[in-house]
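# Report on the structure
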Amino acid sequence: MAAKKVLIVYAHQSTGSFNAAAKDAAVEVLAGQGCTVAVSDLYAMKFKATATAEDITGEVKNADHFRYAEETKLAWEEGKLCADITEEQRKLTEADLIIFQFPMYWFTVPAIMKGWIDRVLTLGYAYTQEKRYSQGIFKDKKAMLSFTTGSHESMFSADGINGDMNVTLWPLQNGILHYCGFQVMAPQIFWAPSHIPSEECSAMLEGWRTRLQGVLGEKLLSFTPMDCFDGEKGFQLKPEVHEENATKEYGLTVGTHLGKALPPNNQMKAEV
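Residues numbered from 1 in each chain as written. Predicted model: local features only at pLDDT ≥ 70, side-chain atom pairs only at ≥ 80, totals over all residues. Heavy atoms only, no water.

### A look at the packing of aromatic side chains
Quick reminder of the rule: Whether two aromatic rings pair depends on their centres lying within 6.5 Å, for rings of Phe, Tyr and Trp, where Trp uses its six-membered ring; planes under 30 degrees apart make the pair stacked, over 60 edge-to-face, and the rest tilted. Secondary structure elements are defined from DSSP: runs of H or I of at least 4 residues count as helices, runs of E of at least 2 residues count as strands, and each element is numbered from the N terminus. Exposed residues in this analysis have more than 50% of their type's maximum accessible area, buried residues have under 20%, and partly exposed residues fall in between, with area computed by a 1.4 Å probe over protein chains only. Here, a charge over a ring is recorded when the distance from Lys NZ or Arg CZ to the ring centre is within 6 Å and its angle to the ring normal is within 35 degrees.
Per the stated rule, a full pass over the model turns up 13 aromatic pairs. Ring plane angle 75 degrees and centroid distance 4.9 Å describe the contact between Tyr133 and Tyr179, whose orientation is recorded as edge-to-face. Here Tyr133, found in the loop between helix H4 (111–120) and strand S4 (142–148), pairs with Tyr179, found in the loop between helix H5 (165–178) and strand S5 (183–184); they are 46 residues apart in sequence, far enough to count as distant. With relative accessibility at 18%, the residue Tyr179 sits in the buried group. Among the aromatic side chains, those forming a connected cluster through ring pairs are Trp76, Tyr125, Phe138 and Phe182. Over the ring of Tyr10 we find Lys23, and its NZ or CZ is 4.9 Å from the ring centre. For the cation-ring pair, Arg119 lies above Phe47, with the distance from its terminal atom to the ring centre recorded as 4.9 Å.

### Some thoughts on the environment of Val120
Test applied: Contacts: residue pairs with any heavy atoms within 4.5 Å of one another.
Looking at the secondary structure, you find Val120 in helix H4. As a C-alpha pair, Val120 and Glu87 span 33 residues in sequence and 9.2 Å in three-dimensional space. Residues within four places of Val120 in sequence aside, it is in contact with Phe47, Ile85, Glu88, Gln89, Leu92 and Tyr125.

### So, the packing of helix H1 (residues 18–32) against helix H6 (residues 198–212)
Rules: A fitted line through C-alpha atoms represents every axis, and for helices the fit uses only the stretch in contact; the resulting angles, taken between N-to-C directions, go from 0 to 180 degrees. Here is the rule for angles: anything less than 35 degrees is roughly parallel, anything more than 145 is roughly antiparallel, 65 through 115 is roughly perpendicular, and the remaining ranges are oblique. With the far helix as reference, a near helix turned anticlockwise by less than a right angle produces a left-handed crossing, and one turned clockwise produces a right-handed crossing. Amino acids outside the nonpolar list (Ala, Val, Leu, Ile, Met, Phe, Trp, Tyr, Cys, Pro) and the charged list (Asp, Glu, Lys, Arg) are all regarded as polar, and Gly is one of them.
At a closest axis distance of 9 Å, the pairing of H1 and H6 adopts a crossing angle of 30 degrees. Between H1 and H6, the angle falls in the class roughly parallel. Our pair here, H1 against H6, has a crossing hand that is right-handed. Along its contact with H1, which presents Phe18, Ala21, Ala22, Ala25, Ala26, Glu28, Val29 and Leu30, the element H6 presents Cys201, Met204, Leu205, Trp208, Arg209 and Leu212. Split by residue class, the contact of H1 with H6 holds 12 nonpolar, no polar and 2 charged.

### A few points about the nonpolar core
Cut-off, in case you're wondering: Here, the term nonpolar core denotes a set of buried Ala, Val, Leu, Ile, Met, Phe, Trp, Tyr and Cys residues that are joined through side-chain atoms within 4.5 Å.
Counting residues in each nonpolar core, the largest one holds 44 residues, and the members touching the most others are Leu92, Phe100, Trp116, Leu121 and Met165. Among the secondary structure elements, those contributing two or more residues to this core are strand S1 (5–10), strand S3 (97–103), H4, S4 and H5. It is H5 that provides the largest number of residues to this core, a total of 6 residues. Not counting residues up to four positions away in its chain, the partners in contact with Leu92 are Leu7, Ile98, Trp116, Val120, Leu121, Tyr125, Phe138, Lys141 and Phe182. Membership of the second largest hydrophobic core comes to 24 residues, among which are Phe18, Ala20, Ala25 and Leu212.

### Considerations on the side chain of Arg211
The line we're drawing: In protein, a polar contact means a hydrogen-donor-capable atom and an acceptor-capable atom, both N or O and within 3.5 Å, with residues adjacent in sequence counting only if both atoms are side-chain atoms; elsewhere, any N or O pair within 3.5 Å suffices.
Within the fold, Arg211 resides in helix H6. Engagement of the side chain of Arg211 in a polar contact is seen with the side chain of Gln188, the distance being 3.0 Å. Not counting chain neighbours up to four residues away, the residues in contact with Arg211 comprise Met144, Met185, Ala186, Pro187, Gln188 and Glu218.

### Overview of the environment of Asp41
One can find Asp41 in strand S2 (residues 36–41). Overall, the relative accessible area of 22% leaves Asp41 in the partly exposed class. Placed 174 residues apart in sequence, Asp41 and Val215 show a C-alpha to C-alpha distance of 22 Å. Not counting residues up to four positions away in its chain, the partners in contact with Asp41 are Tyr10 and His12.

### Considering H5
With 11 of 14 residues buried, H5 lies mostly within the body of the structure. Within the sequence span of H5, burial applies to Met165, Asn166, Thr168, Leu169, Trp170, Leu172, Gln173, Asn174, Ile176, Leu177 and His178. Buried positions along H5 lie against S3, H4, S4, S5 and strand S6 (188–190).

What follows is the structure, encoded as structure tokens:
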């Protein structure tokens, strides 16, 4: 763990929140193991959540039909992204592990954190058509979601009213983290801390501290490698991969399920 660099992207307004306690625990435990830990406290930074032309210094290429991805790619190449994006990209470039700490809002990240994702993970810097998924730019970095829920675990089960948490996590962990090439770690989920006794909250935090002791040595979540898809045929799964999995009980992943039952805990436990 020594000499590793960690970036915690943190989104909560209250210093007295469970999320703040989880963030502080991560800083303390990881720093205690010799890691260099940086925290991007998005609310304290008043981080801009909207992806607009103001993110580029100077003239844009096409003001009449502004296309954010293409314009920010050019700006990144020319060193014309605004200062807050440039600073966050610097932190991300230096980091070996990125932890996103947040309360789950409407089954996803808070708007201010989505703004960080939209504005910092720019085309060219974080991904290209050629460099994504298992061949992505950040394939040497690890990333993890650590978040609180407002609902109990039972409500996020396969037969719960909120639906399977594995399905909820697929757009975030596959569509953002894995898309950019990150090695995705199993999420740290703190179930409904505002609805349980303080002793149970303390136990969850202690469990988080214990996990952090060996977090960089953990196994990873499983995703289907990019070379299993045929780029010349709309990135459909190759016939031979279909054949290899034809008799298996479960699909490959939550998203690439082949019309079969979803592999249990594919987005919640390592190498499932």
